[in-house]
Amino acid sequence: MAVDMVVASPTPIGSEKIIEGAIELPVVDLSLGERSEMSNLIVRACEKYGFFKVINHGVCEEIIAKMEEESLRFFAKPITEKQLAGPANPFGYGCKNIGFNGDTGEVEYLLLNTHPLSISQRSKTISNDPSKFSSAVSGYIEAVRELACELLDLMAEGLGVPDTSLFSRLITDADSDSILRLNHYPPMPILCKDKDTSPSYNTNTNRVGFGEHSDPQILTLLRSNDVGGLQISLNNGVWFPVSPDPTAFCVNVGDVLQAMTNGRFLSVRHRALTNSCESRMSMAFFAAPPLNTRITALPQMLSGVGTSLYRPFTWGDYKKAAYSLRLGDTRLDLFRKQGEELA
Ligand SMILES: C=C1C[C@]23C[C@@]1(O)CC[C@H]2[C@@]12CC[C@H](O)[C@@](C)(C(=O)O1)[C@H]2[C@@H]3C(=O)O
Ligand SMILES: O=C(O)CCC(=O)C(=O)O
Ligand SMILES: [Fe+2]
């Protein structure tokens, strides 16, 4: 993956140091068929970057195209019509406000529960053709959930977990708490103030669409159009842009998977910046277990380390904590045992 700009953090947007740089995110080709090769690559990527890309993923183009078309159709509506699907509490349409604790960004979004009944109910306030919207969303969810299961099974295999469907069972459970998020980042022209009259003169600064955070769930599968904006934070807060690839899924480890692997897999902070002239559209499937699932480190992840880094918690406990905090807070720290450090 080519990276054209690296931005230092946590300096506020607008006063950041811009460094030239490049990084290649590991690319997993699911058409390779050599399972041990794919699972080893995935495990190494999750340990080092918490992120990887998947190509030849098997999610059919038509399913993606239908979802993207419905998403575009919704965001193109007048604001008053979109607001009929809101406010996001947490599900529904949200514009600029993220969560319940004062976070904002240059983004509008639809947050959807993935249960078929919930989708068909919601569709009525979202689309003029609710059954078309509902079928596009359900088809997409089914396909990405299948892909998520395949990736989770490969992870279990690569980690040497004997029950290789241990992770994937959590997200195929009828009570799984997985969600789908459709994001639209409208173009935000870069303001270049007059350097002679304004002390805050700057160039090359893109506004924040979705601020820095880690994803709370097990695994996120993100698909975007060909407009960049996603950045990941590696090496003590240096921001690396991820090049957009509409044919790939960008996959990242969530906090729950970091806890279950006892810190071996990393739930890495990321953010999305707006583009100065084009709309970025992204859709994220957040694979989550049922609310009552008890999250603990797997026994295989304790050998060598001896003890678990986090106190056991249920996904319901974790979600409650996440929603009581700001977007950029490090939620997993609340469950970290005293004195236990990540390797
Ligand atoms: C500020 C918030 C928005 C968020 C819930 C939270 O209180 C903290 C976590 C946020 C996040 C980040 C990843 C996903 O986009 C999301 C849907 C999630 O599960 O956790 C959002 C939440 C949200 O937008 O409701
Ligand atoms: O739109 C993007 O690229 C990132 C979105 C994201 O991180 C999220 O929705 O949690
Ligand atoms: Fe995210």
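Our subject is the structure that appears above.
Thresholds applied
Residues numbered from 1 in each chain as written. Chains lettered and ligands numbered in written order. Predicted model: local features only at pLDDT ≥ 70, side-chain atom pairs only at ≥ 80, totals over all residues. Buried ≥ 20, exposed ≤ 12 C-beta atoms within 10 Å, placed from the backbone. Helix = DSSP H or I, 4+ residues; strand = E, 2+ residues; numbered from the N terminus. Pairing = 2+ DSSP bridges. Near = placed C-beta within 6 Å. Nonpolar A, V, L, I, M, F, W, Y, C, P; charged D, E, K, R; others polar. Arc of directions from axis to C-beta. Axes fitted to C-alpha atoms, helices over the stretch in contact; angles between N-to-C directions. Parallel < 35°, antiparallel > 145°, perpendicular 65-115°, else oblique. Left-handed = near helix turned anticlockwise from the far one by under 90°. Contact = placed C-beta atoms within 7 Å. Core = buried A, V, L, I, M, F, W, Y, C linked by C-beta atoms within 7 Å.

1. Details of the pairing of strand 13 (residues 270-273)
Neither face of strand 13 is open: one carries His-270 and Ala-272, the other Arg-271 and Leu-273, and all of them are buried. Pairing of strand 8 (residues 208-213) with strand 13, which is carried by 3 bridges, proceeds in the antiparallel orientation. Its bridge partner lying in strand 13, Phe-210 is registered against Ala-272. The pairing of strand 10 (residues 230-234) with strand 13 spans 3 bridges and is antiparallel. Note that in strand 13 the partner of Gln-231 across the bridge is Arg-271.

2. What to know about the site of ligand 2
Inspection of the region around ligand 2 gives Arg-181, Asn-183, Phe-210, Asp-215, Leu-222, Ser-224, Gly-229, Leu-230, His-270, Ala-272, Ser-282 and Ala-284 as its neighbouring residues. Counting residues per element, the ones that place at least two in the shell around ligand 2 are strand 7 (179-185), strand 9 (219-224), strand 13 and strand 14 (280-287). Of the residues in the shell around ligand 2, the class split is 5 nonpolar, 5 polar and 2 charged.

3. Considering the site of ligand 1
The immediate surroundings of ligand 1 are formed by 17 residues, with Pro-90, Gly-99, Asp-103, Tyr-323 and Leu-327 found nearest. Contributing elements (two or more residues each) for the shell around ligand 1: strand 6 (103-113), strand 7 and helix 8 (315-323). Among the residues forming the shell around ligand 1, the class breakdown is 10 nonpolar, 3 polar and 4 charged.

4. Overview of unusual backbone geometry
The step from Gly-86 to Pro-87 runs through a cis peptide bond, and the omega angle for that step is -5°. Structurally, Pro-87 can be placed in the loop between helix 3 (79-82) and strand 5 (92-98). Residue Pro-90 follows Asn-89 across a cis peptide bond; omega there is -5°. Position of Pro-90 among the secondary structure elements: in the loop between helix 3 and strand 5. Positive phi, normally seen in glycine, also occurs at Asn-56, with a value near 45°.

5. Considering helix 4 (residues 116-126)
All buried positions along helix 4 are accounted for by Ile-119, Arg-122, Ser-123 and Ile-126. Viewed along the axis of helix 4, the buried residues span an arc of 115°, placing them on a single side of the element.

6. A closer look at the packing of helix 2 (residues 61-75) against helix 5 (residues 130-159)
Viewed as axis vectors pointing N to C, helix 2 and helix 5 meet at an angle of 135°, and their least axial separation amounts to 9 Å. What the angle tells us is that helix 2 and helix 5 run oblique. Relative to helix 5, helix 2 is oriented so that their crossing is left-handed. Counting all contacts with helix 2, which are made through Ile-63, Lys-66, Met-67 and Glu-70, the residues of helix 5 involved are Phe-133, Ala-136, Val-137, Gly-139, Tyr-140 and Ala-143.

7. Examining the sheet that holds strand 3 (residues 27-29)
Reading across the sheet, the 8 strands line up as 3-4-12-9-14-7-6-5 and stay open at both edges, with mixed pairing between neighbours. The outermost strands of the open sheet, each flanked by one partner alone, are strand 3 and strand 5. Along the sheet, successive strands turn relative to each other by an average axial angle of 25°, direction set aside. Pairing of strand 4 (residues 51-55) with strand 12 (residues 249-253), which is carried by 4 bridges, proceeds in the antiparallel orientation. Its bridge partner being in strand 12, Phe-51 is matched across the sheet by Asn-252.

8. Topic: the nonpolar core
Counting residues in hydrophobic clusters, the biggest one holds 87 residues, and the most contacted among them are Ile-42, Ala-148, Met-155 and Leu-219. Considering every element that reaches this core, the biggest residue donor is helix 5, with 14 residues. Not counting residues within four places of it along the chain, the set of residues in contact with Met-155 comprises Ser-39, Ile-42, Val-43, Cys-46 and Phe-167.

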